[in-house]
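A structural walkthrough
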Amino acid sequence: MPGIDECLLEAMALPGARGASLVDWSSGLALGTAGESPVGDHETTAAETAELARAAAEYESFAPGGTEAQDSAGPPVEDLIVTTRTGYHVLRFVETSFDSSVFLHLWLDRTDGNLALARHRLRALAEELVLK
């Protein structure tokens, strides 16, 4: 089972990967980074993507409450995809043994990236990730 650095290196091996990070969405801090940042600073990117992740995870429009949602463990949202003119941003929520407030962020080049493959691979990486 890979740790944070190995997980991010595997994400960077995806076609078109420009940058990857593991972010705590409750604090906005990057727990690990690899590659480039869209704004040149991984901490700024982590804080900005954490705002988006927090909104999706906490707003009832995206993560409705109810018996089914309360019975399932882990974050209420699986992933988010943001498409820009030059790239894709995939945020994959990670289930952890503690509070499940982390997500993987992968920034893909729009020309070279494969969004379906990236989403599939991030799901597998999130399931294998061991946070120590």
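Shown above is the structure to which this text applies.
Keep in mind the model is a prediction, meaning the values are calculated, not measured.

Quick notes on the rules
Residues numbered from 1 in each chain as written. Predicted model: local features only at pLDDT ≥ 70, side-chain atom pairs only at ≥ 80, totals over all residues. Heavy atoms only, no water. Buried < 20%, exposed > 50% of the residue type's maximum accessible area, 1.4 Å probe, protein only. Helix = DSSP H or I, 4+ residues; strand = E, 2+ residues; numbered from the N terminus. Pairing = 2+ DSSP bridges. Patch = residues over 30% accessible without salt bridge, like charges linked within 9 Å, V, L, I, M, F, W, Y side chains within 5 Å. Areas by Shrake-Rupley, 256 points an atom, 1.4 Å probe, with all protein chains shown as cover. Salt bridge = Lys/Arg side-chain N within 4 Å of Asp/Glu carboxyl O. Lys, Arg positive; Asp, Glu negative; His and termini not counted. Charge placed at Lys NZ, Arg CZ, Asp CG, Glu CD. Axes fitted to C-alpha atoms, helices over the stretch in contact; angles between N-to-C directions. Contact = heavy atoms within 4.5 Å. 1 Å grid on protein atoms, 1.4 Å probe; cavity = no way out; pocket = protein on both sides within 12 Å on 5 of 7 lines; lining within 4 Å. Points joined across faces, edges and corners; volume = space filled by probe spheres on them. Nonpolar A, V, L, I, M, F, W, Y, C, P; charged D, E, K, R; others polar.

**Some thoughts on the pairing of strand S1 (residues 17–24)**
- Burial analysis of S1 places seven of its eight residues in the buried class, which makes it a mostly covered element.
- Examined bridge by bridge, S1 and strand S5 (residues 102–109) share seven bridges and lie antiparallel to one another. Bridged to valine 23 within S5 is phenylalanine 103.
- Summarising the sheet, S1 and strand S2 (residues 29–35) pair through six bridges and their orientation is antiparallel. Residue pairing in the sheet places valine 23 in a bridge with alanine 30 of S2.
- In sequence, S1 turns back onto S2 through a hairpin of four residues, with glycine 28 there showing a positive phi of about 80°.

**Notes on a negative patch on the surface**
- Taken together, the side chains of Glu78, Glu95, Glu127 and Glu128 present a region of like negative charge at the surface.
- Assignment of secondary structure puts glutamate 78 in the loop between helix H3 (67–71) and strand S3 (79–83).
- The exposure class of glutamate 78 is exposed, given its relative accessible area of 52%.

**Considerations on the sheet that holds S3**
- Read from one edge to the other, the open sheet built from five strands follows the order S2-S1-S5-S4-S3, with strand pairing classed as antiparallel. Across the chains shown, the open sheet's two edge strands, defined by having one partner strand only, are S2 and S3. Mean inter-strand twist for the sheet, computed between neighbouring axes without regard to direction, equals 15°.
- Packed on one face of the sheet, helix H1 (residues 4–12) meets S1, S2 and S5 and runs near 150° to S1.
- Of the strands in this sheet, S3, strand S4 (87–94) and S5 touch helix H4 (residues 115–128), which is tilted by about 25° from S4.

**Details of the environment of glutamate 58**
- Tracing the sequence through the fold places glutamate 58 in helix H2 (residues 42–58).
- For glutamate 58, a relative accessible area of 51% gives the class exposed.
- Distance in space between the C-alpha atoms of glutamate 58 and proline 76 is 8.4 Å, their sequence separation being 18 residues.

**Looking at empty space enclosed by the protein**
- Under the counting rule described, the total for this entry stands at one cavity of 30 Å³ or more.
- In this model, the largest cavity occupies a volume close to 60 Å³.
- Looking at the largest cavity, the residues that line it are Gly19, Ala20, Ser21, Glu36, Ser37, Pro38, His42, Thr45, Ala46, His105 and Trp107.
- Counting only elements with at least two residues in the lining of the largest cavity, the list comes to S1, H2 and S5.
- Class assignment of the residues belonging to the lining of the largest cavity gives a composition of four nonpolar, six polar and one charged.

**Quick notes on the pairing of S5**
- Burial analysis of S5 places eight of its eight residues in the buried class, the great majority of the element.
- One ladder, built from eight bridges, connects S4 with S5; its direction is antiparallel. Among the inter-strand pairings, phenylalanine 93 is bridged to a residue of S5, identified as phenylalanine 103.

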